[in-house]
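Tertiary structure, described
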Amino acid sequence: MTHFLRRLAVAVVTIAALSSSEALAAGGGAKHPRSGGFAFESPLGTYDQAQLQRGYKVYREVCSVCHSMDLLSFRTLGERGGPFYDPSASSPADNRFVRTIAAESQIADIDTETGEPIMRPGIAADRFPNPWPNRTAGAAANGGAYPPDLSVMAKARKDGPNYIYSLLSGYGDPPVGLRVGAGQYYNPYMAGDMTPFWDGDPEHVPPGGFIAMPPILMDGLVTYDDGTVASVDQMSKDVAAFISWASDPRATERKQTGMGVLAFLAVFAGLTYASYRRIWKNVAH
Amino acid sequence: MSGHESTYVPKTGVEKWLDTRLPIVRFGADYLSLPTPKNLNYWYTFGAILSICLVVQIVTGIFLAMHYQPNTEMAFASVERIMRDVNGGWLIRYVHSNGASMFFIAVYIHMLRGLYYGSYKAPREMIWILGCVIFFLMIATAFLGYVLPWGQMSYWGAEVITNLIGAIPLIGEPVLIWLRGGPAIDNATLNRFFSLHYLLPFVIFGVVVLHLWALHTAGQNNPVGILIPKEREKKDTVPFHPYYTVKDGFALILFLMMFSVFVFFVPNALGHADNYIQANPLQTPAHIVPEWYLLPFYAILRAIPDKFGGVVAMFASIGVLFVLPWLDTSKVRSMRYRPTAKIFYAIFVVNAFILGWCGAMLPDAPVVPGMPSFTLFDGQLNSYLWLTRLTTLYYFAFFVVILPFVGLKEIPLKIPLSISEPVLKGPDAMSGAVPASPEKKG
């Protein structure tokens, strides 16, 4: 019976391996994301604060023109583990970087005396302002496709950080034989199925899909304050790191708590096992 | 063990006063001193683990409900707000969302243990049936809860599952509207799902009390599967406390360590990335799948070409568990002594995993890519559709054909006279009460 089960297990594993490779080979699959080499993805890894700051700059100067981050507040930037955390500030709201960044944005509000709509400089408690007055306006300005909110983007895609990095740095000329519609761009990392648009060999449908976002990043588009060369690859990595942090700003705290919890449970397990052995010592079982 | 006599003696005046009015301390003391077979292995610790899972879900759920907004405009953002801005909110939410998976891991092990050791057989039918009720309520609660974050899978999962109700002839359509609170899934649906998701865990709690009551009346089963005669009770049992509190406690801590690895290091590994995209009724996800623990039932649903037939099959796959005590004809409880049934049991476990795998795959996808195939009725033979059908067939056949038939034909191994016997003479010591041939069949 064990022999039979072993053979069955081998068969199941083989089937699983074959079917997953099949998904890549056939049309309808996207290219597997390249690794951005992100240290924060490991169980104990933390974010590189300099990288988060660079990533924020890319987001602020490039992405935020079209993409909202509705769930982010300016104060979050100054929290422990965040891009502008400053141990000398008494609170994130008191953080000078946060206050400066917030004040750069104009926030819609009302005049507290007259009730007239006004624009005022942002404060730490404000959310990142949305670039569009409403969803329809955002879609209308972008060929009908609303630029998705980036607040939780790294959690909303499989292998999020590497996916964002690969997508942003993965644009290239579409393969010959692929019909690309107006206002669309080919990206091998985008989900989709290219079979209906492919005139070439039906056995070799290119991976990937169409995306409405043009390849916006160009070398030197952003000037980094720390002197890092702003290549497309570098900017893609940095902004992927920033979006990953923004998707889960408590990740570092979570992992550190986890180490403590596991250490406690390990000791507790040892003590309980010792008690178990002692209590059961004289019982044959 | 049934009719376990109370050994509690009230000591203080308060206890004496209380004992004649509401013997709640006696109840607790009797619970802890319950004579329990001393040969229970670690598979038997999942009952205690499950009770902790339920408490964890209820406690974290109550705190989540303090911050959650059951409104289609706000639900998604409120869950994110809990994880960003509520003190310890990320912990509460990740414990709750991963806790559901942990609950199901534990309940599946618990059920498979009961199946293997024949814990559903007389006199324990009520324990098993109440367990099935709990399992069914757990599925309902988990489904309702998964809708609450209002992500894409929440919305579309609710769409697919409520649509099934609409497939029921005659009453389907009105029931569907009643369930959704309108013609489509919307704010009314979310509101009532939240209300029911808060209610059902307390119903589960009530049924758990009945489950334990039945357990304490009929007595614990054990890996040998024999009833412990009154005269051997002293030799073969130990009081539940401290012997099993410490053993269950140790197993629980190991379980919590696995739980912690998920919560603290890979909190989203068991979920679907699409559920971090806010629900959009105008955009169907490429592939709608339920959470992993419902995949086998989702596979059974899709195995039947007719929609209503699929619904019937899915409910029947849970319903058949309720009548299991009367389907299994074997007088021997533990499969330790059932060489033939044991093989079918092993296949059943593997089959359940394959069913789950099928539930996650597209039905038309080939199982072995590139293998020549042909169309059988409505689909390629080499497709997940047909693999799902074969595994669904085995799932039902195991209960309604194999167990009744094997029970009649199988020659069981010799069963020890007492549960101490295999311990004292090594695991294979058989000197038997049941006159039977030790030869294996099948």
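Throughout, residues of each chain are indexed from 1 in the direction in which the sequence is written. Written order determines the labels here, with chains lettered from A and ligands numbered from 1. Reporting of local features is limited, given that this is a predicted model, to residues whose pLDDT is at least 70; pairs of side-chain atoms are given and counted only at 80 or more, and all residues count toward the totals for whole chains, interfaces and linings.

1. Things to note about the overall build of chain A
For clarity, the threshold we go by: Runs of H or I in DSSP of at least four residues are treated as helices and runs of E of at least two as strands, each being numbered from the N terminus. Distance between backbone-placed C-beta atoms decides contact: two residues are in contact if it is within 7 Å.
In terms of regular secondary structure, chain A is built from 8 helices and 4 strands. Along its sequence from the N terminus, chain A presents helices and strands in the succession α-α-α-β-β-α-α-α-β-β-α-α. Looking at chain A alone, contacts between residues at least 24 apart form 59% of all its contacts between residues at least 6 apart.

2. Some points on the overall build of chain B
For clarity, the threshold we go by: Each radius of gyration is computed over the set of C-alpha atoms, and the globule rule expresses the reference value as 2.2 Å times the number of residues to the power 0.38. Exposure is read from a count of other C-beta atoms within 10 Å of each residue's own; the residue is exposed at 12 or fewer, buried at 20 or more and partly exposed in between. C-beta atoms are placed from the backbone.
Helix and strand content of chain B: 17 helices and 4 strands. Here the C-alpha atoms of chain B give a radius of gyration of 24 Å, agreeing with the 22 Å that 2.2 N^0.38 yields for 442 residues. Evaluated residue by residue, chain B yields a buried proportion of 39% over its 442 residues. Long-range pairs, those at least 24 residues apart, make up 73% of the contacts in chain B with a sequence separation of at least 6.

3. Considering the domain arrangement of chain B
It is common to give the size of an interface as the accessible area lost on bringing the parts into contact. Residues and elements named next belong to chain B. Here is the rule we go by: Residue ranges assigned to each domain were obtained from an automatic or database domain assignment. The residue classification treats Ala, Val, Leu, Ile, Met, Phe, Trp, Tyr, Cys and Pro as nonpolar and Asp, Glu, Lys and Arg as charged. All others, Gly included, are polar.
Its domain assignment divides chain B into domain 1 (44–109 + 119–217 + 264–283) and domain 2 (289–410). With 19 residues of domain 1 in contact, the opposing surface of domain 2 contributes 16 residues. Broken down by secondary-structure element, the contributors of at least two residues to the side of domain 1 that touches domain 2 are α5 (89–116), α6 (125–147) and α7 (152–166). In terms of residue count, the dominant contributor to the side of domain 1 that touches domain 2 is α6 (8 residues). Across the side of domain 1 that touches domain 2, the residue classes break down as 14 nonpolar, 3 polar and 2 charged.

4. A closer look at the pairing of strand β2 (residues 117–121) of chain A
The two faces of a sheet get side chains in turn, since along a regular strand they alternate between them. All names here are of chain A. Condition: By definition, two strands form a pair when at least two bridges between them are found by DSSP.
The element β2 is barely covered by neighbouring structure, given that only 0 of its 5 residues are classed as buried. Looking at chain direction, strand β1 (residues 106–110) and β2 are connected through 5 bridges and run antiparallel. Note that in β2 the partner of I110 across the bridge is P117. Hairpin connection of β1 to β2: 6 residues between the antiparallel strands, including G115 at a positive phi of 80 degrees.

5. Considering the nonpolar core
Residue and element names in this part refer to chain B. In plain terms, the rule: Take the buried Ala, Val, Leu, Ile, Met, Phe, Trp, Tyr and Cys residues, join any whose C-beta atoms are within 7 Å, and the set you get is a nonpolar core.
Formed by 49 residues in total, the largest nonpolar core has its most connected members in I49, F103, A106, V107, M138, V147 and W150. When contributions to this core are tallied by element, the ones reaching two or more residues are α3 (46–67), α4 (75–85), α5, α6, α7, α9 (187–218) and α11 (240–265). For this core, the element with the most residues is α5, which contributes 10 residues. Once residues within four sequence positions are removed from consideration, I49 is found in contact with A106, A251, L252 and F255.

6. Examining the interface of chain A and chain B
Listed per partner, the contact involves 38 residues of chain A and 37 residues of chain B. Secondary structure elements with two or more residues in the side of chain A that touches chain B: α1 (2–25), α5 (153–156) and α8 (251–279) of chain A. When its residues are assigned to classes, the side of chain A that touches chain B shows 23 nonpolar, 8 polar and 7 charged.

7. Concerning the packing of α8 of chain A against α11 of chain B
Short version of the rule: Only the contacting stretch of a helix is used when fitting its axis, a line to C-alpha atoms as for every element, and angles between N-to-C directions run 0 to 180 degrees. The cut-offs work like this: below 35 degrees is roughly parallel, past 145 is roughly antiparallel, 65 to 115 is roughly perpendicular, and the gaps in between are oblique. The sense of a crossing depends on the near helix, which, turned anticlockwise from the far helix by less than a right angle, makes the crossing left-handed and, turned clockwise, makes it right-handed.
Contact geometry for α8 of chain A and α11 of chain B: axes closest at 9 Å, N-to-C directions at 165 degrees. Here α8 of chain A is positioned roughly antiparallel relative to α11 of chain B, judged by the angle of their axes. Regarding α8 of chain A and α11 of chain B, the two cross each other, and that crossing is left-handed. Split by residue class, the contact of α8 of chain A with α11 of chain B holds 18 nonpolar, 6 polar and 3 charged.

8. Looking at unusual backbone geometry
With omega at 5 degrees, the peptide bond leading from A122 of chain B into P123 of chain B counts as cis. By the secondary structure assignment, P123 of chain B is in the loop between α5 and α6. H241 of chain B connects to P242 of chain B through a cis peptide bond whose omega is 10 degrees. With respect to the element layout, P242 of chain B can be found in helix α11. Positive phi is not limited to glycine here, since D159 of chain A has a value of about 55 degrees. Its place among the elements puts D159 of chain A in the loop between α5 and α6 (160–169). Given 15 C-beta atoms within a 10 Å radius, D159 of chain A is considered partly exposed. In the Ramachandran plot, L170 of chain B falls in the positive-phi region, its phi being about 65 degrees despite a non-glycine side chain.

9. Digging into the packing of α6 of chain A against helix α7 (residues 232–247) of chain A
All names here are of chain A. In contact at an axis separation of 8 Å, α6 and α7 are set at 145 degrees when each is read in the N-to-C sense. The crossing of α6 and α7 is right-handed. Every residue of α7 that contacts α6 at G160, P161, I164, Y165, L168 and S169 is listed here: V232, D233, S236, K237, V239, A240, A241, I243, S244 and S247. Here the residues of the contact of α6 with α7 sort into 9 nonpolar, 5 polar and 2 charged.

10. Observations concerning the environment of R232 of chain B
All names here are of chain B. Relative to the helices and strands, R232 is located in the loop between α9 and α10 (233–236). Residue R232 is classed as partly exposed on the basis of its 15 C-beta neighbours within 10 Å. Through-space distance from the C-alpha of R232 to that of S418 is 8.1 Å; in sequence the pair is 186 residues apart.

11. Side note on the environment of V9 of chain B
Within the secondary structure, V9 of chain B is located in the segment before α1 (13–19). Expressed as a C-alpha distance, the spacing of V9 of chain B and D19 of chain B, which sit 10 residues apart in the sequence, is 9.4 Å.

12. Focus on the confidence of the model for chain B
All names here are of chain B. Here is the rule we go by: Scored from 0 to 100, pLDDT reflects the predictor's confidence in each residue.
Of all residues in chain B, 95% attain a pLDDT of 70 or more, and the chain-wide mean is 92. Within the model, the stretch residues 427–442 combines pLDDT values under 50 with 28 contacts to residues more than four positions away or in other chains. Of the two predicted TM-score estimates for the complex, the pTM is 0.91 and the ipTM is 0.90.

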